[in-house]
Amino acid sequence: MIQFQSVHKAYRVAGREIPALQPTTLQIGSGQVFGIIGHSGAGKSTLLRLINRLEEPSGGRIEIDGVDVTALDATGLRRFRQQVGMIFQHFNLLSSKTVADNIAMPLRLAGELSRAEIDARVAELLGRVGLQDHANKYPAQLSGGQKQRVGIARALSTRPKILLCDEATSALDPQTTTAVLQLLAEINRELGLTIVLITHEMDVIRRVCDRVAVMDAGVIVEEGPVAEVFLHPQHPTTRRFVLESEHVDEDEQRDDFAHVSGRILRLTFQGEATYAPLLGTVARETGVDYSILAGRIDRIKDTPYGQLTLALTGGDIDAALARFGAADVHLEVLR
Ligand SMILES: Nc1ncnc2c1ncn2[C@@H]1O[C@H](COP(=O)(O)OP(=O)(O)OP(=O)(O)O)[C@@H](O)[C@H]1O
Ligand SMILES: [Mg+2]
């Protein structure tokens, strides 16, 4: 659905070039929820805004659904933008217009539907985002979560193929964030919409995304399926995001482990293996004792996973490691 070939972007400020995106090649498949994570200034918004040409690339080629959008003229660009909805951190609603009028705005600008058709479409969208009873309110009369629902309905009004979300949940409390993420997942599932979502929270990525790109200083330093990147981060920036999201302090952990005897290993289980009674079986068969130093069982989108850090003592430790190594789990020997 989205293809970047060596796309780069530099901003020109007071005669100086500020590089924001280094040459980037990227593919985002149709119907995916694609997350972009990175620290402030990493180039996330720049990348996102290149997709709907809110920013002009300094070079490279951008193809959306098979069309070279870098070559579009003004009319072509206006048409194309109807296929790409966008939602923002601060909602960007018009305060002088009602909820219904905010949602109808892109349809009125497009000028392709009659008044009755627009009314019907707005009613349908209000239903989809759960705001049936709020059509005639003004944005100031809504909560943050409700405002973002209006933003989502407005973004969906022209039946886009792609939805771009720039920190769409960053201004919301955790509970409202969950509700908005659930709505986005539902839209992705039911409408088959491709969603590109920027966040600085790994937890948001973990809950809704299929794939993730990690950005650092204008470069995508790591990209892949969320479970892969999340459970086996390669780049230091990715590792920091993951540890931060698990509230793990690596130095503290190292100190803790110094007081523990035996071999230390980390097991990562995914899918069905999460619930298999592997630990007890291996302990019984090899006579090792284990203590659990750290652990969590959680979900990445719809897939359960578990991660356990164990200290093994006594028994046949090598046989136990071999058994774990041969099982349907990922084994890392930490010490
Ligand atoms: N319009 C602009 N003019 C000049 N420089 C810009 C402009 N927009 C962004 N930049 C610069 O480009 C770099 C990348 O900015 P960008 O907004 O893409 O980062 P970001 O990852 O979205 O950050 P944040 O998490 O803070 O939103 C930064 O150094 C920024 O200062
Ligand atoms: Mg940004």
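Residues numbered from 1 in each chain as written. Chains lettered and ligands numbered in written order. Predicted model: local features only at pLDDT ≥ 70, side-chain atom pairs only at ≥ 80, totals over all residues. Heavy atoms only, no water.

Per an unreviewed UniProt entry, the recorded name for the protein is Cell division ATP-binding protein FtsE, and the organism is Ectopseudomonas guguanensis. If you open the UniProt record of the protein and go to Subcellular location (unreviewed entry), you find "Cell inner membrane". (UniProt positions renumbered as here; feature names shortened; annotations may be inferred.)

Undergrad: Just to check I follow, could you spell out the sheet that holds strand 10 (residues 219-225) for this structure?
TA: Each strand in a sheet pairs with another by means of backbone hydrogen bonds, the pair being arranged parallel or else antiparallel. Strand order in the open sheet formed by 6 strands is 6-7-8-3-9-10, and the pairing between neighbours is mixed. The two strands at the open ends of the sheet, each matched to only one other strand, are strand 6 (84-88) and strand 10. Across the sheet, the axes of successive neighbouring strands diverge by a mean angle of 15°, strand direction being ignored. One ladder, built from 6 bridges, connects strand 9 (residues 211-216) with strand 10; its direction is antiparallel. The residue of strand 10 that forms the bridge with Ala213 is Glu223. Strands in contact with helix 9 (residues 236-245) are strand 3 (33-38), strand 9 and strand 10; relative to strand 9, the strand with the most contacts, it is inclined by about 115°. (Pairing = 2+ DSSP bridges. Helix = DSSP H or I, 4+ residues; strand = E, 2+ residues; numbered from the N terminus. Axes fitted to C-alpha atoms, helices over the stretch in contact; angles between N-to-C directions. Contact = heavy atoms within 4.5 Å.)

Undergrad: Would you explain the pairing of strand 4 (residues 59-64) in this entry?
TA: Remember that side chains alternate between the two faces of the sheet whenever the strand is regular. Inspection of the sheet shows strand 1 (residues 2-13) paired to strand 4 by 5 bridges, in the antiparallel sense. The partner of Gln5 across the bridge, within strand 4, is Arg61. Pairing of strand 4 with strand 5 (residues 67-68), which is carried by 2 bridges, proceeds in the antiparallel orientation. By the bridge assignment for strand 5, Ile64 is matched with Val67. Between strand 4 and the antiparallel strand that follows it, strand 5, lie 2 residues; Asp65 among them carries a positive phi value of about 50°.

Undergrad: Whenever I open this one, the UniProt feature "domain: ABC transporter" (unreviewed entry) in the protein confuses me. Can you help?
TA: In this numbering, the UniProt entry assigns the feature "domain: ABC transporter" (unreviewed entry) to residues 2-242. Regarding residues 2-242, the helix share stands at 39% and the strand share at 28%, and the terminal C-alpha atoms are separated by 26 Å.

Undergrad: How should I be thinking about the packing of helix 11 (residues 278-286) against helix 12 (residues 317-326) in this particular structure?
TA: A pair of packed helices is captured by two measures, namely the crossing angle of their axes and the spacing between those axes. Following both chains from N to C, one finds helix 11 and helix 12 inclined at 145°, their axes separated by 9 Å at the closest point. The handedness of the crossing between helix 11 and helix 12 comes out as right-handed. Contacts between helix 11 and helix 12 involve Leu278, Leu279, Thr281, Val282, Glu285 and Thr286 from the first element and Ala319, Ala320, Arg323 and Phe324 from the second. Per-class residue counts for the contact of helix 11 with helix 12 are 6 nonpolar, 2 polar and 2 charged. (Left-handed = near helix turned anticlockwise from the far one by under 90°. Nonpolar A, V, L, I, M, F, W, Y, C, P; charged D, E, K, R; others polar.)

Undergrad: Mind showing me how you'd approach the sheet that holds strand 12 (residues 289-300) here?
TA: The 4 strands are arranged 12-13-11-14 in an open sheet whose pairing can be described as antiparallel. With one partner strand each, in any of the chains shown, strand 12 and strand 14 (330-333) form the two edges of the open sheet. The average angle at which neighbouring strand axes cross in this sheet is 15°, direction not considered. Pairing of strand 12 with strand 13 (residues 303-313) involves 11 bridges; the strand directions are antiparallel. Its bridge partner being in strand 13, Ser291 is matched across the sheet by Ala311. Its contacts with the sheet place helix 12 against strand 11 (263-270), strand 13 and strand 14, and it is angled at close to 20° to strand 11.

Undergrad: Is there a simple way to explain the domain arrangement of the protein in this structure?
TA: Interface size, as often reported, equals the accessible area lost upon joining of the parts. The domain boundaries assigned to the protein delineate domain 1 (2-244) and domain 2 (256-333). Contacts between the two partners involve 12 residues from domain 1, matched on the other side by 10 residues from domain 2. Counting each side, the surface lost to burial between domain 1 and domain 2 is near 890 Å², with a carbon and sulfur contribution of 53%. For domain 1, the biggest contributors to the area lost against domain 2 are Arg206, Leu231 and His232; these three give 61% of the whole. On the surface where domain 1 and domain 2 come into contact, there are 2 salt bridges. (Domains from an automatic or database assignment. Buried area = accessible area lost by both parts, 1.4 Å probe. Salt bridge = Lys/Arg side-chain N within 4 Å of Asp/Glu carboxyl O.)

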